[in-house]
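Here are the chains, one letter per residue:
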Amino acid sequence: MRFMAIRNILRGNDPALLKTSRIITDFNKRLHMLLDDMRETLVEANGLGLASPQVGVLRRAVLIVDTEIADKPMEEQIIEMVNPEIIEECGEQTGNEGCLSVPGVYGIVTRPERVKVKAQDRYGNYFELLLSNTAARAACHEVDHLNGVIFTSLAERFLTEEELDRLAEDRTENEQDNEQKPDL
């Protein structure tokens, strides 16, 4: 029996983060191990999303946390998506965004308010999801990672030290209220 492992998260200057990931065609134990390890890594990092390139695997797999399911533990809020494609977008939201691969940096990014995602599960079965708000932002952010795009290249501006301090204060208050974190 194999236990899940926490993988190292690549940082923003790693060239692998700027490459396009390949389509997954083998839905086997290696993929399942990758997804399990990514799940463990995401939970340990306390983020809202993780793409396989962030752990050094240039394949099209992402995990996002659906914060709309607030009555379940984080592990049960995680959605696995293999070969995800955003097939519809609606509306617009502008807000702060961070990344596990760029720790401590936050920027203002505009994303769709709602998206429809077509993906496969770990067994190769196709499904579609309608996501909104934070989950839509996370899906877009993670699909960008699969295409070698880091949020810093999309940011309209970066948050100042004062804004980061306020964000940290707000995050502490929100965590006390069991709210989401902005790191994707």
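Residues numbered from 1 in each chain as written. Predicted model: local features only at pLDDT ≥ 70, side-chain atom pairs only at ≥ 80, totals over all residues. Heavy atoms only, no water.

### Digging into the sheet that holds strand β7 (residues 126-132)
Thought 1: The 5 strands are arranged β1-β2-β3-β6-β7 in an open sheet whose pairing can be described as antiparallel. The sheet terminates laterally at β1 (49-51) and β7, the two strands that pair on one side only. Put simply, the sheet's adjacent strands are angled 40 degrees from each other on average, direction ignored.
Thought 2: Its contacts with the sheet place helix α1 (residues 29-45) against β1, β2 (61-65) and β3 (78-90), and it is angled at close to 35 degrees to β2.
Thought 3: Along the sheet, helix α3 (residues 133-146) makes contact with β1, β2, β3, β6 (114-120) and β7, crossing β2 at roughly 160 degrees. (Pairing = 2+ DSSP bridges. Helix = DSSP H or I, 4+ residues; strand = E, 2+ residues; numbered from the N terminus. Axes fitted to C-alpha atoms, helices over the stretch in contact; angles between N-to-C directions. Contact = heavy atoms within 4.5 Å.)

### Description of the sheet that holds strand β5 (residues 102-111)
Thought 1: Across the sheet, which stays open at both edges, the 3 strands sit in the order β4-β5-β8 with antiparallel pairing between neighbours. Either end of the sheet is taken by a strand with one partner, and the two such strands are β4 (93-99) and β8 (157-158).
Thought 2: Relative to β5, β4 is paired through 6 bridges, and the arrangement is antiparallel. Across the sheet, the residue bridging to glutamate 97 is glycine 107, located in β5.
Thought 3: Its contacts with the sheet place α3 against β4 and β5, and it is angled at close to 55 degrees to β4.

### Some details on α1
Thought 1: Here α1 is 17 residues long and its end C-alpha atoms lie 24 Å apart, about the 24 Å a rise of 1.5 Å per residue gives.
Thought 2: What α1 keeps buried is the set Leu31, His32, Leu34, Leu35, Asp37, Met38, Arg39, Thr41 and Leu42.
Thought 3: Structurally, α1 contributes buried residues whose contacts are with β1, β2, α2 (74-77) and β3.
Thought 4: Among the residues of α1, the N-terminal cap falls to asparagine 28, whose side-chain oxygen and the backbone nitrogen of arginine 30 are separated by 3.1 Å. (Expected span 1.5 Å × (residues − 1). Buried < 20%, exposed > 50% of the residue type's maximum accessible area, 1.4 Å probe, protein only. Polar contact = N/O pair within 3.5 Å; in protein donor to acceptor, adjacent residues only side chain to side chain.)

### Regarding a negative patch on the surface
Thought 1: A contiguous patch of negative charge, built from Glu161, Glu162, Asp165, Glu169, Asp170 and Glu173, is present on the exposed surface.
Thought 2: Among the structural elements, glutamate 161 can be located in helix α4 (residues 161-176). (Patch = residues over 30% accessible without salt bridge, like charges linked within 9 Å, V, L, I, M, F, W, Y side chains within 5 Å. Areas by Shrake-Rupley, 256 points an atom, 1.4 Å probe, with all protein chains shown as cover. Salt bridge = Lys/Arg side-chain N within 4 Å of Asp/Glu carboxyl O. Lys, Arg positive; Asp, Glu negative; His and termini not counted. Charge placed at Lys NZ, Arg CZ, Asp CG, Glu CD.)

### Some thoughts on the nonpolar core
Thought 1: Ranked by size, the top nonpolar core spans 17 residues in total, and within it Leu31, Leu35, Met38, Leu42, Leu50, Leu63 and Val65 carry the most contacts.
Thought 2: Elements with a minimum of two residues in this core: α1, β2 and β3.
Thought 3: For this core, the element with the most residues is α1, which contributes 5 residues.
Thought 4: Every residue in contact with leucine 63, bar those within four places of it in the chain, is listed here: Leu35, Met38, Arg39, Leu42, Leu48, Gly49, Leu50, Ile78, Ile79, Glu80 and Glu142. (Core = buried A, V, L, I, M, F, W, Y, C linked by side-chain atoms within 4.5 Å.)

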